[in-house]
Amino acid sequence: MIKELLLFAAIAVTLQTPAQLCGRPIFLPEKTSEWKDLKLRNARMAYAEDRIFTIKIYGDLSLAAAPKITLGSYSLEQGEPLMERELRFEGPRAARFMVLEFFMFDEKPCLLYRWLDTETGRLELRAEQYDERTLEPIGDPVTIGEANFEPGLFLNDGPAVQVISSPDSTYLLFYLDKVKLKEIQVIFCWVTNAELAPVWNGTYLLPAQSLGFKGQPHFTDDATVYLHTTAVMLDADHVKQNKDGESEVKVVENVYKHQADKFYRLKGTVQTELSLPGPPAGFDDQYSVAFAAQGDRLRYGYLTFRRK
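As the structure is a computational prediction, the values presented were derived from the model and not from experiment.

Visitor: Talk me through the overall build of the protein; I want residue IDs and the actual numbers.
Guide: The helix and strand inventory of the protein stands at 2 helices and 21 strands. Burial statistics for the protein: of 308 residues in total, 42% are counted as buried. By sequence separation, contacts in the protein at least 24 residues apart represent 52% of the contacts at least 6 residues apart. With an accessible surface of roughly 16800 Å², the protein has 49% of that area assigned to carbon and sulfur atoms.

In structure tokens, the structure reads:
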């Protein structure tokens, strides 16, 4: 444990403010689908008790300005559309627009989108809530988070963002992890309340190789993020010291051979590595663990294999 902490300290970078990353990060590519019909680029749905809400995106997303986007509602009881309205978005000049998530929260349809300035590398996440009956926006768009990256290093428009609600629907987590810095994994977390007002945010540099990295966040009622990771950890075998005193990551291509499971608690400026639960006595080391957030605790169950 002490050796891992020393290695982590050797490769860590100084983060001046939460959710602001310095250095040369690179977005890892996301798998994208090819759409033959650019007139209707995408359609997403969110489900309420008595109706379905839809977001439809029309036009060519290669343009800097936001395309035509409509918000509609469909009655499950009547079996027919109720209304539809076109949405308007104002962003920084020449920044690229992208819809990230469409979801229900506090019984209201919510849209998360992104502006990315490819010249300056500035990324801005915005969210907007809509009245479930009139489809009118509730207040002005809310800036969820901002981050500054070195420009010209974005692949496939950058990473996606996961939106996770706490079990009691008190808080929302906006989680982003498809970013690497010198082959090291970077995590961004933005947490808001039900009105999308900021609660806390943080940027975390995990001692894990970004190649093959997999992270599964869990979000509890006390606004804490528990992150289960599977990755090649940066230990003595995978980090070497250069003559100039800087640490260099040795990238491992065969990630399945070298990867390990780790667990972290993330909240604000606190980043704590936790111990993963192991199998009980009488069982061997082959086991898998499943986690679920319940209230302000994280519960787990595991599948084990008994020795012959």
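Visitor: Account for the sheet that holds strand E7 (residues 108-117), naming residues and giving values.
Guide: Ordered by their spatial adjacency, 4 strands build an open sheet running E6-E7-E8-E9, and the pairing between neighbours is antiparallel. Here the strands that pair on one side only, and so sit at the sheet edges, are strand E6 (96-105) and strand E9 (142-148). Direction aside, neighbouring strands of the sheet carry axes that sit 15° apart on average. Relative to E7, E6 runs antiparallel, the two being bridged by 9 bridges. For Phe 102, the partnering residue across the bridge sits in E7 and is Leu 111.

Visitor: Describe the nonpolar core, and please don't skip the residues or the numbers.
Guide: By size, the foremost hydrophobic cluster in this structure holds 28 residues, and its most contacted members are Leu 112, Phe 174 and Phe 188. Counting only elements with at least two residues in this core, the list comes to E6, E7, strand E8 (122-129), E9, strand E11 (171-181) and strand E12 (184-193). Per-element tally for this core: the top contributor is E11, with 5 residues. Core analysis: the next-biggest nonpolar cluster, separate from the first, contains 19 residues, Tyr 204, Phe 213, Phe 219 and Ala 223 among them.

Visitor: Give me unusual backbone geometry: which residues, what numbers.
Guide: A positive phi angle is found at Leu 135, which is not glycine, with a value near 65°. Residue position: Leu 135 is located in the loop between E8 and E9. Residue classification places Leu 135 among the buried positions, given a relative accessible area of 0%. Notably, Leu 196 is not glycine yet its phi reads approximately 70°, a positive angle. With respect to the helices, strands and loops of the structure, Leu 196 is situated in the loop between E12 and strand E13 (198-209).

Visitor: How would you sum up the pattern of salt bridges? Please name residues and give values.
Guide: Within this structure, the stated rule accounts for 9 salt bridges. With a shortest N-O distance of 3.7 Å, Arg 133 and Asp 50 are connected by a salt bridge. Here Arg 133 is found in the loop between E8 and E9, whereas its partner Asp 50 is found in the loop between strand E2 (42-47) and strand E3 (51-58), with 83 residues between them in sequence. What makes Arg 133 partly exposed here is its relative accessible area of 45%. With its nearest N and O atoms 3.8 Å apart, the salt bridge here joins Arg 88 to Glu 86. A cluster of three or more residues bridged by salt bridges with shared partners is formed by Asp 50, Arg 51 and Arg 133.

Visitor: Which residues make up the sheet that holds strand E18 (residues 260-267), and what values do they have?
Guide: Pairing is antiparallel in the open sheet, where 4 strands are placed in the order E14-E15-E18-E19. Strands at the two margins of the open sheet, each flanked by one partner only, are strand E14 (214-219) and strand E19 (270-274). The sheet shows a mean angle of 25° between the axes of neighbouring strands, direction not considered.

Visitor: Go over the pairing of strand E10 (residues 162-165), please, and point to the residues and values.
Guide: Relative to E11, E10 runs antiparallel, the two sharing 4 bridges. Each bridged residue has a counterpart across the sheet, and for Ser 165 the counterpart in E11 is Leu 172.

About the criteria used
Numbers given to residues run from 1 along each chain, matching the order in which its sequence is written. Under the rules for a predicted model, residues below a pLDDT of 70 receive no local features and side-chain atom pairs below 80 are neither given nor counted, while totals for whole chains, interfaces and linings still include all residues. Working from all heavy atoms in the structure, the side-chain values ignore hydrogens and water. Going along the chain from the N terminus, every DSSP run of H or I of four or more residues is numbered as a helix, and every run of E of two or more is numbered as a strand. Type-normalised accessible area, obtained with a 1.4 Å probe on protein chains alone, sets the label of each residue: buried when under 20%, exposed when over 50%, and partly exposed for intermediate values. The contact criterion used throughout is that any non-hydrogen atoms of two residues lie within 4.5 Å. Computed with the Shrake-Rupley method and a 1.4 Å probe, the accessible areas treat only the protein chains shown as cover for residues. A pair of strands is labelled paired if DSSP reports no fewer than 2 bridges between them. Here the axes come from fitting lines to C-alpha atoms, over the contacting stretch only for helices, and the angles between their N-to-C directions go from 0 to 180 degrees. The term nonpolar core refers to a set of buried residues drawn from Ala, Val, Leu, Ile, Met, Phe, Trp, Tyr and Cys, joined through side-chain atoms within 4.5 Å. Only one rule defines a salt bridge in this text: a Lys or Arg side-chain nitrogen within 4 Å of an Asp or Glu carboxyl oxygen.

It is worth stressing that arrangement in space is one thing and function is another; only the former is reported here.
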